Amino acid sequence: MRITISGPPGSGKTTACSKLSEILGLKAVVFGKIFRELAAEKNLSLVELGAIAEQDPSIDKMIDSRILDIARENEDIILESRLSAYMCSRNGISAFKVYIDASPEVRISRIGVREGETFDDAYAKTLERQKSEAKRYKMYYDIDIEDKSVYDLIINTDDLDPDQVVAKILEAAGVSN
């Protein structure tokens, strides 16, 4: 089973991805880690690398071509990235496509805790990052990240713990837990 998990920063997608991987025994590939590693290698923040990526499409193209390569080579895998559902759909690669969301307040609070930032700092950085990503996805791929029609399941995690999120995904995918 190929599963894509997408959603905005702080929605809980990486946690869900890890738990699903554990339960299903599938490898999970988290593409946000690649972007973070690239930023660290260049001694840049995510926002700074995002600004560079707005001028240099090769950064996104490299990451996104890896999504397709991995998806094509693995029928049983979990892919976590903003564009994995769109990429699989556009390229005829079957997958169960999940979008995980949460209110901005919940997401920003989670990010602030994770990154050790104040709410205001986390809010400013996250908003800037989301604007940069939306701009790049539209510019490079003509993808409107707000278009959720590609997804098989949309989950709001505001009032759910990670186990409840995973249970909803498994149920919707027809997998017994």
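One structure accompanies this document, and this report is about it. (Residues numbered from 1 in each chain as written. Predicted model: local features only at pLDDT ≥ 70, side-chain atom pairs only at ≥ 80, totals over all residues. Heavy atoms only, no water.)

1. Looking at the packing of helix H4 (residues 58-73) against helix H7 (residues 119-141)
- Packing of H4 against H7 leaves a shortest axis separation of 11 Å and a crossing angle of 80 degrees. What the angle tells us is that H4 and H7 run roughly perpendicular. Facing Asp60, Lys61 and Asp64 of H4, the residues of H7 in contact are Arg136, Tyr137, Tyr140 and Tyr141.
- Counted by class, the contact of H4 with H7 contains three nonpolar, no polar and four charged residues. (Axes fitted to C-alpha atoms, helices over the stretch in contact; angles between N-to-C directions. Helix = DSSP H or I, 4+ residues; strand = E, 2+ residues; numbered from the N terminus. Parallel < 35°, antiparallel > 145°, perpendicular 65-115°, else oblique. Contact = heavy atoms within 4.5 Å. Nonpolar A, V, L, I, M, F, W, Y, C, P; charged D, E, K, R; others polar.)

2. Some words on the packing of aromatic side chains
- All told, the structure shown has three aromatic pairs when counted by the stated rule.
- Here Tyr86 and Tyr151 contribute two aromatic rings whose centre-to-centre distance is 5.9 Å and whose plane-to-plane angle is 80 degrees, an arrangement assigned as edge-to-face. Here Tyr86 is found in helix H5 (residues 84-90), whereas its partner Tyr151 is found in the loop between H7 and strand S5 (153-156), with 65 residues between them in sequence. The same class applies to Tyr86 as to Tyr151, namely buried.
- Ring centres of Phe119 and Tyr123 lie 6.3 Å apart, and the angle between their planes is 15 degrees; on these two criteria the pair is classed as stacked. Separated by four residues within a single helix, Phe119 and Tyr123 lie in helix H7, roughly one turn from each other. (Phe/Tyr/Trp six-rings, centres within 6.5 Å; stacked < 30°, edge-to-face > 60°. Buried < 20%, exposed > 50% of the residue type's maximum accessible area, 1.4 Å probe, protein only.)

3. Structural notes on the pairing of S5
- Residues Leu153 and Ile155 point to one face of S5 and are all buried, whereas Ile154 and Asn156, pointing to the other face, are not buried.
- Both strand S4 (residues 96-101) and S5 contribute to a ladder of four bridges, which runs parallel. Bridging across to S5, Tyr99 finds its partner in Ile154. (Pairing = 2+ DSSP bridges.)

4. A closer look at the side chain of Ser6
- Relative to the assigned elements, Ser6 resides in strand S1 (residues 2-6).
- Note on Ser6: relative accessible area 1%, which makes it buried.
- A polar contact of 2.7 Å, which involves the side chain of Ser6, links it to the backbone oxygen of Ser81.
- Ser6 has contacts with Lys13, Ser81, Arg82, Ser84, Ala85, Val98, Tyr99, Ile100 and Tyr151, leaving out every residue within four places of it along the chain. (Polar contact = N/O pair within 3.5 Å; in protein donor to acceptor, adjacent residues only side chain to side chain.)

5. Describing a nonpolar patch on the surface
- Judged by side-chain polarity, Phe119, Tyr123 and Leu127 come together as a nonpolar surface patch covering roughly 270 Å² of accessible area.
- The topology assignment puts Leu127 in helix H7.
- Given a relative accessible area of 35%, Leu127 falls into the partly exposed group. (Patch = residues over 30% accessible without salt bridge, like charges linked within 9 Å, V, L, I, M, F, W, Y side chains within 5 Å. Areas by Shrake-Rupley, 256 points an atom, 1.4 Å probe, with all protein chains shown as cover. Salt bridge = Lys/Arg side-chain N within 4 Å of Asp/Glu carboxyl O.)

6. Brief notes about the nonpolar core
- Residues Phe31, Leu79, Leu83 and Tyr86 are the most contacted members of the largest nonpolar core, which totals 32 residues.
- Looking at this core, the elements with two or more residues in it are helix H2 (31-41), helix H3 (46-55), H4, strand S3 (77-80), H5 and H7.
- Ignoring any residue separated from it by four or fewer positions in sequence, one finds Tyr86 in contact with Ile143, Asp144, Ile145, Asp147, Val150 and Tyr151. (Core = buried A, V, L, I, M, F, W, Y, C linked by side-chain atoms within 4.5 Å.)

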